[in-house]
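Chain by chain, the residues:
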Amino acid sequence: MIQRLPSTKLPKFTIAADMSDKQPDIPATAKVHLSREALVENWKTLNRLSGAASAGAAVKADAYGLGVSSVVEILQGSGCKDFFVANWQEASEIENIVSDDVNISVLNGIRAADLDFAVTSKAKPVLNSLQQAQLWRTTGKPCDVMIETGMNRLGIEVSDLDQIPVDGLNIDLVMSHLASADEDCEQNRQQLNIFLESSNQLGGKRRSLANSAGIALGSDYHFDCTRPGLSLYGGIQRSELAGKIKQVVTPFAEIIQIRTLNAGDLVGYNAQYIAKKTHDIAILAMGYADGYLRGFSNTGCFFVGDIKLPVLGKVSMDLIAIDISNAPQLETGDWVECEYDLPTASEQSGISQYELITGLGQRLPRVWT
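Below is a short write-up of the structure. All values reported here derive from a predicted model rather than from experimental measurement.

Overview of the overall build of the protein chain
The number of helices and strands found in the protein chain is 11 helices and 21 strands. Taken along its principal axes, the extent of the C-alpha atoms in the protein chain is 75 × 45 × 35 Å. Taken across its 369 residues, the protein chain has 54% of its residues classed as buried. Residue pairs in contact within the protein chain that sit at least 24 positions apart in sequence constitute 64% of those at least 6 positions apart. Here the protein chain displays about 16,300 Å² of accessible surface, and carbon together with sulfur accounts for 48% of that area. Taking the average location of the 32 positive side-chain charges in the protein chain and that of its 44 negative ones, the two points are 3 Å from each other.

Next up, the structure:
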């Protein structure tokens, strides 16, 4: 059960280093609380569920919007040794904060335009084509290789593997990516079989196939290293992870006005809420510009303690109306907690768990509790 803050007056926390240089010295009217304890517990859980494999961490897209420097420092301190980013800009943001025994893999591979930086970087490319393999072989530096097993996104075709200059490459991870691990479907086993049949051709030091949902598919999918992403940050894509993954991200918003509605009064754009009786509402200083999207209109909710405060009408760019009929103690300046357990919020809004977390706006300070 989620433990909610009993008070409408928030305690003081430290703003993450990632955000402190970007925020003016003006109190925010909405913010995102991040649980260090939940992040660490989630990684330890996924590492345990990975069996003999070690769990890495996908920290692309600014660690799914949480702030990559803080996330990497926290997870490295907990024992994580493999981090996965999308591109070389992201690699440059963390390579000076990881120790020498920690690996950084750049999932989008290597372009000629990246080469000058990449050869001096601690990070290694995930080679996704024969052209990338030829480009990287001249460096003599470590790399990973992605095999295309059925997702048709990035990766080298199985039929082309015999053309890879294996003798000229220092291959660490041989990997592929599961397309439908969040479902029970034949594609998972098909991809696994293709990977089993093809990955040994490359002679890499380690193999990796499973993402967060793939970890829950069982030991056949674990190999040497797993690559959890969403579940590190509170996402639950399969029932096997329910009850094991903790909520990391919780937005809070400040009440900036309280209004009294009479029966028949309309709220918000297009009058999507009509009051049936006299009651109070609160206006919050947060909206879809902050990533709280219109999918939450008339479906989302906030809390004060355990008291539910439903969203009323359409979510605006910067404002949200909530029903405070059951919390008459609330006043202007009080803070309320957003329901943002990712599976629950996804069901409320129809928005994927991935989009919910990566889409949180950058004007919301990230605050590690």
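Here we look at unusual backbone geometry
A positive phi angle, close to 55°, is found at Phe223, a residue other than glycine. Position of Phe223 among the secondary structure elements: in the loop between α9 (212-215) and β12 (225-226). Notably, Asn270 is not glycine yet its phi reads approximately 60°, a positive angle. Accessibility expressed as a relative area gives 56% for Asn270, which makes it exposed.

Examining the side chain of Glu254
Tracing the chain through its elements places Glu254 in strand β13 (residues 249-261). The buried charged residue Glu254 lacks any salt bridge, with Lys31 as its nearest oppositely charged partner at 7.8 Å.

Overview of the packing of helix α2 (residues 36-49) against helix α4 (residues 68-78)
Between α2 and α4, whose axes approach to 10 Å, the crossing angle comes to 50°. Comparing their axes, α4 and α2 come out oblique. Our pair here, α2 against α4, has a crossing hand that is right-handed. Contact residues: α2 offers Arg36, Leu39, Val40 and Trp43, while α4 offers Val71, Ile74, Leu75 and Ser78. Partitioned by chemical class, the residues of the contact of α2 with α4 number 6 nonpolar, 1 polar and 1 charged.

Quick word on a nonpolar patch on the surface
Residues Tyr288, Leu293 and Met317 make up a contiguous nonpolar surface patch of about 240 Å² in total accessible area. Along the chain, Tyr288 turns up in the loop between β16 (279-284) and β17 (301-304).

Focus on the pattern of salt bridges
A side chain of one charge can pair with a side chain of the opposite charge when the charged atoms of the two come close. In the structure shown here, the tally under the stated rule is 13 salt bridges. Salt bridges sharing common partners tie together Asp82, Lys124, Asp144, Asp172 and Arg206.

Section: the nonpolar core
One broad trend across soluble globular proteins is that nonpolar side chains are buried collectively. Counting 95 residues, the largest nonpolar core has Val59, Tyr233, Tyr292, Phe302, Ile322 and Tyr340 as its most contacted members. Each residue touching Val59, except ones within four places of it in the same chain, is listed here: Val68, Val71, Val72, Phe83, Phe84, Val85, Ile94 and Tyr233. Counting residues in each nonpolar core, the second largest holds 8 residues, with Ala275, Ile283, Leu312 and Ala321 among its members.

What to know about helix α8 (residues 186-198)
Residues spaced three or four apart along an α-helix point in a common direction, a consequence of the helix completing one turn every 3.6 residues. The terminal C-alpha atoms of α8 lie 19 Å apart, and with 13 residues this matches the ideal 18 Å at 1.5 Å per residue to within 8%. Of all the positions in α8, only Asn188, Gln191, Leu192, Phe195 and Ser198 are classed as buried. Here the buried residues of α8 occupy an arc of 145° about the axis, which is enough to place them on one side. When the buried face of α8 is taken as reference, the exposed residues oriented beyond 90 degrees from it are Glu186 and Glu197. Where α8 is buried, its residues touch β8 (142-148), β10 (170-175) and β11 (206-208).

Some words on the packing of aromatic side chains
Summed over all chains, the structure comprises 6 aromatic pairs. Plain terms: the ring middles of Trp88 and Phe117 are 6.2 Å apart, the flat faces sit at 75° to each other, and that makes the pair edge-to-face. Here the residue Trp88 occupies a position in helix α5 (residues 88-94), and Phe117 occupies one in helix α6 (residues 115-118), the gap between them amounting to 29 residues. Plain terms: the ring middles of Phe195 and Phe223 are 5.1 Å apart, the flat faces sit at 85° to each other, and that makes the pair edge-to-face. Pair noted here: Phe195 is in helix α8 and Phe223 is in the loop between α9 and β12, with a separation of 28 residues, a long-range link. Per residue, the accessibility class of Phe195 equals that of Phe223, and both read buried. Aromatic rings pair up to connect Tyr292, Phe296, Phe302 and Tyr340 into one cluster.

Conventions we followed
Residues take numbers from 1 onward in each chain, read along the sequence in its written order. Confidence filtering applies because this is a predicted model: local features only for residues at pLDDT of at least 70, side-chain atom pairs given and counted only at 80 or more, and all residues used for totals across whole chains, interfaces and linings. Hydrogens and water are ignored here; the side-chain numbers use all heavy atoms of the structure. Under the DSSP-based scheme used, a helix requires at least four consecutive residues in state H or I and a strand at least two consecutive residues in state E, with every element numbered from the N terminus. Only protein chains enter the accessibility calculation, which uses a 1.4 Å probe; a residue whose area is less than 20% of its type maximum is buried, one above 50% is exposed, and one in between is partly exposed. We call two residues in contact whenever any of their non-hydrogen atoms come within 4.5 Å of each other. Accessible surface is estimated by sampling points in the Shrake-Rupley manner with a 1.4 Å probe; for residues, cover comes only from the protein chains shown. When charges are counted, Lys and Arg are positive and Asp and Glu negative, with His and the chain ends excluded. Lys charges are placed at NZ, Arg charges at CZ, Asp charges at CG and Glu charges at CD. The salt bridge definition used is simple: a Lys or Arg side-chain nitrogen within 4 Å of an Asp or Glu carboxyl oxygen. Each axis is a line fitted through C-alpha atoms, and for a helix only the stretch in contact is used; angles between axes span 0 to 180 degrees, taken between their N-to-C directions. If an angle is under 35 degrees, it is roughly parallel; if it is over 145, roughly antiparallel; if it lies from 65 to 115, roughly perpendicular; otherwise it is oblique. By definition, any crossing whose near helix is turned counterclockwise from its far helix by less than a right angle is left-handed, and any crossing with a clockwise turn is right-handed. Residues are grouped as follows: nonpolar covers Ala, Val, Leu, Ile, Met, Phe, Trp, Tyr, Cys and Pro; charged covers Asp, Glu, Lys and Arg; every other residue, Gly included, is treated as polar. Patches were defined on residues exceeding 30% relative accessible area and lacking a salt bridge, with like-charge contacts within 9 Å and nonpolar side-chain contacts (Val, Leu, Ile, Met, Phe, Trp, Tyr) within 5 Å. The set of buried Ala, Val, Leu, Ile, Met, Phe, Trp, Tyr and Cys residues whose side-chain atoms join them within 4.5 Å is what this entry labels a nonpolar core. Here the expected length of a helix is defined as 1.5 Å per residue gap, with one fewer gap than residues. Throughout, the arc means the angular range of directions from the helix axis out to the C-beta atoms. Pairing of aromatic rings covers Phe, Tyr and Trp, the last counted by its six-membered ring, and requires centre-to-centre distances within 6.5 Å; plane angles under 30 degrees mean stacked, over 60 mean edge-to-face, and any other angle means tilted.

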